[in-house]
Amino acid sequence: MGPARRRVRRPESAISFCLLAVLLFIGLGVFIKQSDFEMARFGINVATAELPLGESEESKDDQTALNSLVPTGFETLSKTGVYNPENLYEKINGKAPLYTESGFEKLSTQRYVSTADESLWAELYVYDMGTVKNAFSVYSVQRRAEAEPFGPMRFAYRTANALYLVHGKYYVELVGSTESAELFRAMAEVTRKIRANLTIDPNAGIAELALFPEEDFVAGSVKLYLVNAFGSEGLTDTFTARYKLDDETVAAFLSRRSDPQDAQAVAKGYYEFLINNGATSKQTAKKILEGKVVDFYGTTEIVFDTGPFVAGIHEAENQQAAEKLAERLLNKLREVINSANNE
Amino acid sequence: MNEQIDKELDRREFLARAGKAGISIAAAGIASYLLYDSTGPAASIEAQDPVTLPDFSVPQIPAQTMSVVKGYDRAKTVDKAIELLGGIERFVKLGETVAIKPNVAFASPPMLGATTRPELVAEVVRLCYSRAGAKQVYVTDNPINDPASCFALSGIGKAAGQAGAKVILPKDNFFKYTTLTGGKLIRNWPIFYEPFTKIDKLIGIAPVKHHHRSGASMTMKNWYGLLGGRRNIFHQDINTIIAELAMMVKPTLVILDGTQVMMTNGPTGGSISDLRRVDTLIASCDMVAADSYGCGLLGLKVTDLPYLTKAHEAGAGTTDFQSLKPILATVS
């Protein structure tokens, strides 16, 4: 015989209902107040909030550092601007979240103008992103399609009027007022001075870049998404790279996780994310990819884990090319894992 | 059976438990009472009478609400676009005072497309004076960057001045508090107000730009410049704030410049390669319709920009721009 069910007495029921009613009342109150939220009254003090000030107060160190970069034949056009995560929007408005969500610490800006022609001016933006990885992330996701390689640096490119580069933990932009050979010479001189004057950690690097297979790799195509890669919350620190194989452009991705269990969980999470958003399982001729290939609205997605890595193929038009690249990527990652185990 | 249950919880024990529960509730109540701030957070501002922006719109004329002109020369395309809507005289009467609100958000050179092109502003100023006989034309904005630098480096200050307009830069006393009726975000919030008390008509001129947060920046987003205070907090609910701006501002006319469209890396851009020539300029009395057309220039659908539907539902205009029978033309 099991334990006897205790009879609930009327006063107990009444008290319980009263408590539930109070909780419901509180919940309702919070809900109503929440939907009646007035930002000017709660959360922010408009009276003390400054109207946009433009250039924020510069620190002497930043001013000295940026003034030391003035190219020959140019002079500073304005005060050094220094921005922190709180006021970055004053400088770049709606683009600020891109940086603040990627570890941004400080932006220093300076404009240089030609002493011979005032229409020739350039603005220097030095973003301190905290780590080389963060700097690479904002550099890579904004990389222009028409980019041309620039200088001896690994992560640097130019467009018709601008230069973009990663120098250690710094992401640097030099934006010219117009297309001009003289202006470009001056901007190139600034980048040389940055490399000479701005101290960085020489050992800081991005190990994941060496994990992508080299064959058919499209140079300069690697991007790093620190959060929400492909719209999936679980996919963080995700590198993507483009390949040109069999006349098809295919994008591979990989993310190094803390351990194999985490990698397994993230791979499973992303697979389920795809299925929950309309993907369907797809047959594959390659045994090692069984159960890892899905059709996502006419494109092929592949996701797998091996060791501490989550990797795969994103939105490929051609399944054969996608599987070929996935196999190469899987083999490359296994090699890396094996050689690490043998060390 | 009941006797057995009663043995499990007798009267003494029930009273003891009820007493403990009562003490807990009383303690929570006392703590709440002591911590309760009956006045709430301090009012952030001195009590002021809220202001409301006047309605600058003109009566709509069927099939003359929106025009779309193809061409690269902005002076020519804007002339044609306004002419197709009945000419500038329909919008600005003799002796009236006009404010033009370009996008001067950044201290950025004109060729980068982050701001309204100066020649376009100058041409509209010229039309207001020479064709409509306006008494005074103001060009104004409340930029994010230093206003003087923005007007200087964007070229708008010089172009507007040369065309005879007076440039008004924001000052602290130009801001007044407003509350948008039915608004969720614009409540007791400072707006750039003073220059708009002196005018009869308001014309917005904005470029078509990709925007990292909202997807696109066009004529509706252009009114973001009227917000004062720490307006960046509205980026957390960007679609609602843009829709509310469309409800708050009732312009006479908007001009959407898609001659060169910033396709990526907006709203600042930075590289010429962020721009693409689309050679399209839109003039419209309905900014929701103008932006609904404009999003197509960025390769987007109306549903990709939720603020368009929100503004449509709020009655600020229509996303169904085809229903307005836009007048199409091309200029060489």
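Residues numbered from 1 in each chain as written. Chains lettered and ligands numbered in written order. Predicted model: local features only at pLDDT ≥ 70, side-chain atom pairs only at ≥ 80, totals over all residues. Heavy atoms only, no water.

Trainee: Mind showing me how you'd approach the overall build of chain B here?
Mentor: Summing up its helical and strand segments, chain B has 11 helices and 11 strands in all. Against the 2.2 N^0.38 benchmark of 20 Å for 332 residues, chain B shows a C-alpha radius of gyration of 27 Å, more extended than a compact globule. Projected onto its principal axes, the C-alpha coordinates of chain B cover approximately 100 × 45 × 40 Å. Expressed as a percentage of the 332 residues in chain B, the buried residues total 58%. Within chain B, contacts between residues separated by at least 24 positions form 73% of all contacts whose residues are at least 6 apart in sequence. Put simply, chain B shows about 13600 Å² of open surface, and 54% of that area lies on carbon and sulfur atoms. Counting 35 positive and 31 negative side-chain charges, chain B places the averaged centre of each group 4 Å from the other. (Helix = DSSP H or I, 4+ residues; strand = E, 2+ residues; numbered from the N terminus. Rg over C-alpha atoms; globule rule 2.2 N^0.38 Å. Buried < 20%, exposed > 50% of the residue type's maximum accessible area, 1.4 Å probe, protein only. Contact = heavy atoms within 4.5 Å. Areas by Shrake-Rupley, 256 points an atom, 1.4 Å probe, with all protein chains shown as cover. Lys, Arg positive; Asp, Glu negative; His and termini not counted. Charge placed at Lys NZ, Arg CZ, Asp CG, Glu CD.)

Trainee: I keep staring at the packing of aromatic side chains and nothing clicks. Help me out?
Mentor: Two descriptors summarise a pair of aromatic rings, namely the distance from one centre to the other and the angle between the planes of the rings. Residue and element names in this part refer to chain A. According to the stated counting rule, one finds 24 aromatic pairs over all chains in the structure shown. Geometrically, the ring pair formed by tyrosine 127 and tyrosine 171 is stacked, given 5.7 Å between the ring centres and 25° between the ring planes. Here tyrosine 127 is found in strand S4 (residues 121-128), whereas its partner tyrosine 171 is found in strand S8 (residues 170-176), with 44 residues between them in sequence. Exposure remark for tyrosine 171: the relative accessible area of 0% places this residue in the buried category. Through successive ring pairs, a cluster of aromatic residues spans Tyr99, Phe104, Tyr125, Tyr127, Phe136, Tyr139, Phe155, Tyr157, Tyr164, Tyr171 and Phe239. (Phe/Tyr/Trp six-rings, centres within 6.5 Å; stacked < 30°, edge-to-face > 60°.)

Trainee: How should the pattern of salt bridges be read in this particular structure?
Mentor: In a structure, side chains of opposite charge can pair up when their charged atoms sit close to one another. Throughout the structure, instances matching the rule amount to 28 salt bridges over all chains. The partner of Asp274(B) in a salt bridge is Arg144(A), with the nearest N and O atoms 2.8 Å apart. Placement of Asp274(B) in the loop between strand S9 (253-262) and strand S10 (275-284) and of Arg144(A) in the loop between helix H5 (132-142) and strand S5 (148-149) is noted, with the two residues assigned to different chains. Take Asp274(B): its relative accessible area is 1%, and that puts it in the buried class. According to the relative accessible area criterion, Arg144(A) is buried, its value standing at 3%. (Salt bridge = Lys/Arg side-chain N within 4 Å of Asp/Glu carboxyl O.)

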